[in-house]
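Chain by chain, the residues run as shown.
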Amino acid sequence: MEVKTVAKDTGYSSRKIRLLLNLVRGRKVEDALMTLKFASSPSARVVAKAIKTAAADAENNFQLTASELKIVKIYADDAPMMKRFQPRARGRADRILKRSSHITVVVAEQEG
């Protein structure tokens, strides 16, 4: 049984989030949370929250054991960007893209 959770509009770019996701992909939930606890990136809190939510959903909705859960899939997709403009010299403007992302976590019970 796989349980899927999506954290939407995280406020961090998907490029920065993917660095953390590569650290925890394929690990047990407990190990992944411990790794993220000591990660230096501020976006580690958002990733940890998404993983905790997936584990809680699996435990409460499907009666799976939290200690045996493993991260099967985890990925970050681009969310809609906020577009802003920065005034520049001679009446010009530069575009600023404030990127965001959606984090998808799929957990399942580890077999064996």
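Our structure's up above, just so we're on the same page.
Residues numbered from 1 in each chain as written. Predicted model: local features only at pLDDT ≥ 70, side-chain atom pairs only at ≥ 80, totals over all residues. Heavy atoms only, no water.

**Q** Outline the sheet that holds strand S1 (residues 2-7), listing residues and values.
**A** Strand order in this open sheet of three strands is S1-S5-S2, and the pairing throughout is antiparallel. The sheet is open, and its two edges are formed by S1 and strand S2 (69-78), each paired on a single side. Adjacent strand axes in the sheet meet at a mean angle of 15 degrees, parallel and antiparallel pairs treated alike. Two elements, S1 and strand S5 (residues 101-109), share six bridges in a ladder whose sense is antiparallel. Within S5, the residue paired with Val6 across the bridge is Thr104. Those strands touched by helix H3 (residues 44-62) are S1, S2 and S5, and its axis lies near 140 degrees from that of S1. (Pairing = 2+ DSSP bridges. Helix = DSSP H or I, 4+ residues; strand = E, 2+ residues; numbered from the N terminus. Axes fitted to C-alpha atoms, helices over the stretch in contact; angles between N-to-C directions. Contact = heavy atoms within 4.5 Å.)

**Q** Tell me about the packing of helix H1 (residues 14-24) against H3, residues and numbers included.
**A** Interaxial distance between H1 and H3 falls to 10 Å at its minimum, and their mutual angle equals 50 degrees. By the criterion of interaxial angle, the relationship of H1 to H3 is oblique. Both H1 and H3 take part in a crossing whose hand is right-handed. Along its contact with H1, which presents Ile17, Leu20, Leu21 and Val24, the element H3 presents Ala44, Val47 and Ile51. Looking at side-chain class alone, the contact of H1 with H3 contains seven nonpolar, no polar and no charged residues. (Parallel < 35°, antiparallel > 145°, perpendicular 65-115°, else oblique. Left-handed = near helix turned anticlockwise from the far one by under 90°. Nonpolar A, V, L, I, M, F, W, Y, C, P; charged D, E, K, R; others polar.)

**Q** Which residues make up the pairing of strand S4 (residues 93-98), and what values do they have?
**A** Sheet topology places strand S3 (residues 82-87) next to S4; six bridges connect them, and they run antiparallel. In the sheet register, Phe85 faces S4, and the bridge partner there is Arg95. Linking two consecutive strands that pair antiparallel, namely S3 and S4, is a turn of five residues; a positive phi of about 60 degrees is found at Arg90 within it.

**Q** How would you sum up the nonpolar core? Please name residues and give values.
**A** In terms of nonpolar packing, the biggest core is built from 24 residues, with Leu36, Val47, Ile51, Ile71, Ile74, Val105 and Val107 touching the most fellow members. At eight residues, H3 tops the list of elements feeding residues into this core. Not counting residues up to four positions away in its chain, the partners in contact with Val47 are Ile17, Leu20, Leu21, Leu36, Ile74 and Ile103. (Core = buried A, V, L, I, M, F, W, Y, C linked by side-chain atoms within 4.5 Å. Buried < 20%, exposed > 50% of the residue type's maximum accessible area, 1.4 Å probe, protein only.)

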